[in-house]
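# Close look at the chain arrangement
These are the residues of each chain, in order.
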Amino acid sequence: MYHNSKNVWKSLRAGAVGTIVGLGFLAGVSATPAAAIEIQEVESPGGIKAWLVEDYTVPIIAMDFAFEGGTSQDPEDKLGLTSLLTTMLDEGAGEMDSQAFQQKLEDLTMELSFSAGRDYFYGSYKTLAANKDETSALVHAALTSPRFDQQPLERMKAKALAGIERSLKRPDSVAGLAFSKALFPDHPYGWPSSGTLETVTTLTADDLADQHKKIFARDGLTVGVVGAISAEDLAPLLDKVFGGLPETGNLTTIEDVGPQTGVVEHIAFDTPQTSIMFALPGLKRSDPDFVNAFIANHIMGGGTFSSWLYEEIREKRGLAYGVGSYLVPRQHTALWMGSTGTAGDKAPLAVDLIKQQLVRLAEEGPTEDELSKAKAFLTGSYALRFDSSSAIANQLVGIQTEELGIDYINTRNDLINEVTLDDVKAVSKKLLSGVEPAIVTVGPFGDEANAAGQ
Amino acid sequence: MVGTRKAIKTAALLILSLGLAMPASAEPVQLLNAKDFSEIRIGGDVFESELENGMKVVVVPDHRAPVVTHMVWYKVGAADEPPGESGIAHFLEHLMFKGTKNAPEGEFSRVISEVGGRENAFTSQDYTAYFQRVAKEHLETMMRYEADRMENLVLTDEQVAPERDVVLQERAQRTDRRPSARLGETLDQMLYPNHPYGVPVIGWESEIKQLNLEDAIAFYDRYYTPNNAILIVAGDVSPEEVMGAAERTYGKVARRAEPGERVRPAVQILPGNRTVTMEDPQVAQPTLQEAWLVPSYNSDTEAEAAAIDVLADILGGGTNSRLYRKLAVEDQLATEVGSYYRSTALDSGEFRIYGIPKDPANFELLEREIRAVIADLITNGVTEEEVARSQRSMLASTIYAQDDQGTMARIFGTALTTGSSVAEVQEWPQSIAAVTPEDVQRVAAKYLEGPSIRAYLLPPQRETAENTVTQ
């Protein structure tokens, strides 16, 4: 890993330019017993519910929230609409035009951001505790009365279009787009989240208003709050932030879908490193076998400096800098996927090695020793997920959207410790036996690479 | 400087100072002012000490979660490499995971993994750092292994060869396949014609290929010694616990070398504006950058760094900055435009601006307009209100930073390996709060009218490319 040293303070702020390169993939964060975390359930007079962890160490409040309905809610001819919406909520709301809103954000020294996944629309803000009333009024305006003025809309569309143009020239994002399409050829999960040049060009303020109405409703809302605020003070604050949202939205029904298997797609691309992505059907978070699969994945490709893929592809052969795998459970599908990048002439070897490890996991499975080490890591690392207000707020929302229960933090490590070697072997066999992974490669590949002078 | 085992106690004024600003809820928006912030001391009760073998120790207590971040920072980076061996600092960082005479390859990582810890390492021009984040009861174990690899590294050619391939893949991933990163290497080299900051941290490809076991060990033996290292522990521990464990582990490591002063060739600002242009089929929109050498916080002999920080924020630090408001919002000329200050370095700092036109045909126009915004700032100065706004947001960021022990550990590690002291870090809010509009105008005039390097990254065969390139 190397590190471009810039202004440390600047890099703490949004929009900082900085490069940090990991010796390994920093795949997720992790930590230990979370005995110190006490979650309170808070309900506002207006009926908004939230989970709260009180903590007065630093005089700030962090709030994370999620609305059900993400980029898969884009109409097929308006792809990129939800992504565009994430950039327009702080570009003018209520009485404030874009500049006035941005000015107020800065005057209140708050941090506010929106993002969208395939299934959820996320928001997050941090405020100095002293400014909590003013900042909640500002967030309320963004959530309930965004303006979608023409001028900022044109600016954000131009930015989105530029981003799409750039992504079409980058091997990694080309691979990602092709991969989604190959896995879900006839489903919203296969569409490009950011849209296409054609669709984004046509998006209007009316489209944004429709999408806003569709997603922003109280019945799909989940809230997590951490910091210098009591349950008593939070209850009315929740109404200040979320009051006035309609009871229900108008979400499009998304069908359940399984990813395509066995698809192999290669896209030739003139670049010194070939991107490799692979995927198989995984398990949804609610599946009783999910935790077993979670451990199986950790052994195959989840550890920082220890996993089968890391050992075979990086340590023994030096083929890649980063390699890893992960489970991706969604509301309407589930994936087990992984990725790496290697020199073009080594790409066929890397693909073979990945396939070999999948077969090895299905047929032999891990050893008792590997299982106990994986458990030790996964249980020991759980506490590391709770070491800052934002990190905890994020966990509070995730636990709620996955419906894991308010006691999950205390029982989660037991769930992992209860898993047996037979459980891991059984789930590996079930998921991997006789299933061909879908594989997408972008870059030079094998002999073609040699011909290209790689 | 710092007396052995003498704690520097600083009152945690953070909470106190913010108490001042607690508004009654019915009041209109209350803006915190720079004076409220200026009493903040970064890190609160930071403890600072030194072991007998010369290793510095810094402890940043944070008792919210039973977790610690343990870091060892070496005062050596890519800028300290011998000529022709670019990349050796970073390559050695990778090889530090290959085992010692006491702990074979993989043992340390296995121990970390078994307690659920996180680990990694990073290298910059000025420092190399190793860290683990673990439950607090494992801190001393981490220290024992980290102290062991400070003096007992053992390497074989069988380990070195594949790891060199890993580094070449890292270079491919970070640099070779990204046109902007490749152009960045040229820009750095032009900015620093005689100084090692002009050489990429990861190394030139041809030189990485030549690096071997002997190079790595020679570099290790010269720089990895307790008197060249700083221990930083942030998290749920007391200074006493840390000092006890540090003496039992790092305290046993002998001084292995005397690296001496870090003297590098003096940075030269060459007269004249120079331009580099690169075309690449992977470029979607033309991008312009301009860079000036300015003082870093360490090389800042005339107390200008804080004013440059505020300048970078007012000129181009976000959506309320002058560049963005004028060129992205009002004129709709740019999709991206801004400025930033690389302030943390042992030697020179840098001031940079960047811009991407909305319409590629307006590339030259955007550049002229950026110059006009800068010229206006130099001629007419900035307002009290702009300065106050920047101060507020910069100072608020220091409060948000205290929410994360890893961030705090890095702030101190970066500062202490680039010539700053704990006291200077803690007093940074005061120096920002003291900046005036006149200071900002003065540094803008002094530096942004001076020679610069411009870099243009263009899609292939742009019609107007010829004009831009060959002036």
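Computed from a predicted model, the values in this text were never measured in an experiment.

A word on the sheet that holds strand β2 (residues 49-54) of chain A. Within a sheet, each strand pairs with its neighbour through backbone hydrogen bonds, oriented either parallel or antiparallel. Residue and element names in this part refer to chain A. Sheet architecture is open: six strands sit in the order β1-β2-β6-β3-β5-β4, paired in mixed fashion. A single partner strand is all that each edge strand has here, and the edge strands are β1 (40-43) and β4 (111-116). Neighbour-to-neighbour, the strand axes of this sheet turn through a mean angle of 20°, independent of strand direction. Where β1 lies against β2, four bridges are found, and the strand directions are antiparallel. Residue pairing across strands places glutamate 43 opposite lysine 49, the latter belonging to β2. Where helix α4 (residues 132-144) meets the sheet, its contacts fall on β3 (60-68), β4 and β5 (120-128), and the angle it forms with β5 comes to roughly 155°.

Listed as interface residues are 85 residues of chain B and, on the opposing side, 83 residues of chain A. Residue composition of the side of chain B that touches chain A, grouped by class: 35 nonpolar, 29 polar and 21 charged.

A few words now on the pairing of β4 of chain A. Residue and element names in this part refer to chain A. Where β4 and β5 come together, six bridges link them in antiparallel fashion. Residue pairing for β5: alanine 116 is matched across the bridge by phenylalanine 121. As consecutive antiparallel partners, β4 and β5 are separated by three residues.

This paragraph deals with the domain arrangement of chain B. All names here are of chain B. Here the domain parsing of chain B yields domain 1 (62-252) and domain 2 (274-469). Here the C-alpha centroids of domain 1 and domain 2 sit 29 Å apart. Each partner contributes residues to the interface: domain 1 has 23 residues there, and domain 2 has 27 residues. Taken together, the elements giving at least two residues each to the side of domain 1 that touches domain 2 come down to β3 (67-74), β5 (128-135), α7 (179-191) and β6 (229-235). By residue number, the principal contributor to the side of domain 1 that touches domain 2 is α7, which donates seven residues.

Residues and elements named next belong to chain A. One non-glycine residue, threonine 109, lies in the positive phi region at around 45°. Tracing the chain through its elements places threonine 109 in the loop between α3 (98-107) and β4. On the basis of neighbour counts, which here come to 24 C-beta atoms within 10 Å, the residue threonine 109 falls in the buried class. A positive phi is found at phenylalanine 148, a non-glycine position, where the angle reads about 55°. Locating phenylalanine 148 in the fold gives a position in the loop between α4 and α5 (150-167).

Rules behind the numbers
Residues numbered from 1 in each chain as written. Chains lettered and ligands numbered in written order. Predicted model: local features only at pLDDT ≥ 70, side-chain atom pairs only at ≥ 80, totals over all residues. Pairing = 2+ DSSP bridges. Helix = DSSP H or I, 4+ residues; strand = E, 2+ residues; numbered from the N terminus. Axes fitted to C-alpha atoms, helices over the stretch in contact; angles between N-to-C directions. Contact = placed C-beta atoms within 7 Å. Nonpolar A, V, L, I, M, F, W, Y, C, P; charged D, E, K, R; others polar. Domains from an automatic or database assignment. Buried ≥ 20, exposed ≤ 12 C-beta atoms within 10 Å, placed from the backbone.

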